[in-house]
Amino acid sequence: YLPITEAVQMQMIRGTTFTLMHPLEVEVAELLTELIPCAEMVRFAKNGVDATTGAVRAARSYTGREHIAYCGYHGYQDWYAIVTERSAGIPKCLAGLMHKFTYNRIETLNQIFDKYSNQIAAVIMEQPTTEPENNFLQQVKDAAQRHGSVFILDEIVTGFRYALGGAQELYKVTPDLACFGKGMANGLPLAAVVGRKEIMQEFEKVFFSTTYGGETLSLAAAKVAICELKAKPVIAHIWAQGRKFR
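**Topic: the pattern of salt bridges**
All chains considered together, the criterion is met by eight salt bridges. Residues arginine 196 and aspartate 176 are paired through a salt bridge, measuring 2.6 Å at the closest nitrogen-oxygen approach. Placement of the pair is arginine 196 in the loop between β7 (191–195) and α8 (197–200) and aspartate 176 in the loop between α7 (167–170) and β6 (177–180), with a sequence separation of 20 residues. Accessibility expressed as a relative area gives 25% for arginine 196, which makes it partly exposed.

Listed below in structure tokens is the structure:
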């Protein structure tokens, strides 16, 4: 897309990686806080797994708990990959901290809370292609809130595709934290953790450091891409095309 290409080319001339924060970080963060319902603060990274891992780490720090209830796929880092078939090289002890629940079956999450009372730091889930039944996302949030856990919505796939504010905007549920990537920068490597200020402030304590998190080419692309999504009916067109295929 020409406007994004031009923005990246211009920024390449100006510089890509700097010692201090570049103004583009602030500008893109402001766009995210404007558009994403849960976003009060923002931290940038490169990959979706950076974002989900950072969110889980912040949730553990915030709650003082270690166990995680999960639904869907959340990347290759040890905390999640231990539950996959490709778990070689990962300490087996991590498996005991992970507890899977089933999409659209709130009773499976409630069973985890019953079994691990006051131990679940976070509930993290994706929104799959299956539609939520009985306001399932809100049910998950309510369950997490009742039990003092952080609700993390993994929007790496759905962000800036389902709606400008992601699946949380479309389904009218506001998570505590959310993870974005992929469509945010039109395919350039950029990810972000966003969420409630009091939880996001845990990033001042947890280790969350990436050499290229503030790399400016991807931020320049994200700024243009998000502004284009705001100005033009891109997402409405995607939904219309999707309905045709269905």
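**Some words on helix α5 (residues 106–115)**
For α5, every residue scored as buried is listed here: Ile106, Thr108, Leu109, Ile112 and Phe113. One side of α5 holds all its buried residues, which, seen down the axis, span an arc of 165°. Exposed and oriented more than 90 degrees from the buried face of α5 are Gln111, Asp114 and Lys115. Where α5 is buried, its residues touch β2 (67–71), β3 (98–100), β4 (120–126) and α6 (136–146).

**Re the sheet that holds β4**
Pairing is mixed across the open sheet formed by seven strands, whose spatial order is β1-β7-β6-β5-β4-β2-β3. On the outer flanks of this sheet lie β1 (41–45) and β3, each paired with one strand and no other. Strand-to-strand twist in this sheet, taken as the mean axis angle between neighbours without regard to direction, amounts to 20°. Its contacts with the sheet put helix α2 (residues 23–35) on β1 and β7, and the angle it makes with β1 is roughly 125°.

About the criteria used
Residues numbered from 1 in each chain as written. Predicted model: local features only at pLDDT ≥ 70, side-chain atom pairs only at ≥ 80, totals over all residues. Heavy atoms only, no water. Salt bridge = Lys/Arg side-chain N within 4 Å of Asp/Glu carboxyl O. Helix = DSSP H or I, 4+ residues; strand = E, 2+ residues; numbered from the N terminus. Buried < 20%, exposed > 50% of the residue type's maximum accessible area, 1.4 Å probe, protein only. Arc of directions from axis to C-beta. Contact = heavy atoms within 4.5 Å. Pairing = 2+ DSSP bridges. Axes fitted to C-alpha atoms, helices over the stretch in contact; angles between N-to-C directions.

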